[in-house]
Amino acid sequence: MKVSDTRAADTREAACPYRLVLEHVTSRWGVLALMELLERPYRFGELRRAVSRRGRTASEKMLAQTLQTLERDGLVHRDAKPVIPPRVDYSLTELGREAAEQVRDLAEWSKDRMADVTRARQAYDEARG
């Protein structure tokens, strides 16, 4: 992350800290990581494959940054074991479990109401046609 990006993030966080957490939780990779970790703890590679099975190919860099951000926010626990080869497990904290359940509920609502959204979109497009 560039210094200017860090300063901009610090400014946003100071001005409206809950919005920054909301951005982290609802980011593309944040949502997918939280939903997967709700099921069980994962090693990094396992989590990357699980997220990719949901239809999005996660780059190592983006997933690592997302997990680091969620760890900083207190939502994800990173457990690095001093073994060869290195083993790092990721799991949800209690706070993270709470957030993940909310994200899961929103995802389920979106799926359940997709037909209504599709109809609304069609009506909108026809009216603007």
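As the structure is a computational prediction, the values presented were derived from the model and not from experiment.

Participant: Kindly report on the overall build of the chain, identifying the contributing residues and their values.
Facilitator: Broken down by element type, the chain carries seven helices and three strands. Element order for the chain, N to C, with α for helix and β for strand: α-α-α-β-α-α-β-β-α-α. Relative to its 129 residues, the chain shows a buried fraction of 26%. Nonlocal contacts in the chain, meaning residues at least 24 apart in sequence, comprise 43% of its contacts between residues at least 6 apart.

Participant: Please give an account of unusual backbone geometry that cites residues and values.
Facilitator: With an omega of -5°, the peptide bond between Ile-84 and Pro-85 qualifies as cis. Residue placement: Pro-85 occurs in the loop between strand S2 (76-81) and strand S3 (87-92).

Participant: Which residues make up the nonpolar core, and what values do they have?
Facilitator: Ranked by internal contacts, the top residues of the largest apolar core, which has 24 residues, are Leu-34, Leu-37, Leu-47, Leu-67, Val-76 and Leu-92. Those elements giving two or more residues to this core turn out to be helix H3 (28-39), helix H4 (44-53), helix H5 (60-72), S3 and helix H6 (94-112). With seven residues, the top contributor of residues to this core is H3. When residues no more than four places from it in sequence are discounted, the contact partners of Val-76 are Leu-37, Leu-67, Leu-70, Glu-71, Tyr-90, Ser-91, Leu-92 and Thr-93.

Participant: Give a description of the pairing of S3 that names residues and reports values.
Facilitator: The buried fraction of S3 is high, at five of six residues. Here S2 runs beside S3; their pairing, made up of six bridges, is antiparallel. For His-77, the partnering residue across the bridge sits in S3 and is Ser-91. Hairpin remark: S2 followed by S3, antiparallel, with five residues in the connecting loop.

Participant: Run through the confidence of the model for the chain, naming residues and quoting values.
Facilitator: For any part of a model where pLDDT is low, the fine detail of the predicted coordinates should not be relied upon. Summary statistics for the chain give a mean pLDDT of 90 and a share of 89% for residues scoring 70 or more. The element-level mean pLDDT for the chain is lowest in helix H1 (residues 3-15), coming to 62, with helix H7 (residues 114-128) highest at 97.

How each quantity is defined
For every chain, the first residue of its written sequence is number 1, and the numbers climb from 1 along that sequence. Local features in this predicted model are restricted to residues whose pLDDT is 70 or higher, and side-chain atom pairs enter the listing and the counts only when it is 80 or higher, whereas totals over whole chains, interfaces and linings include all residues. Side-chain numbers here rest on the full set of heavy atoms in the structure, without hydrogens or water. The way it works is that DSSP assigns letters per residue, a run of H or I at least four long becomes a helix, a run of E at least two long becomes a strand, and they are numbered from the N terminus. Each residue is placed in one exposure class: buried if its accessible area under a 1.4 Å probe, protein chains only, is under 20% of its type's maximum, exposed if it is over 50%, and partly exposed if it falls in between. Here, two residues are considered to be in contact whenever any of their heavy atoms come within 4.5 Å of each other. Buried Ala, Val, Leu, Ile, Met, Phe, Trp, Tyr and Cys residues form a nonpolar core when they are joined through side-chain atoms within 4.5 Å. If DSSP finds at least two bridges between two strands, the strands pair. Per residue, pLDDT captures the predictor's confidence, and it can take any value from 0 to 100.

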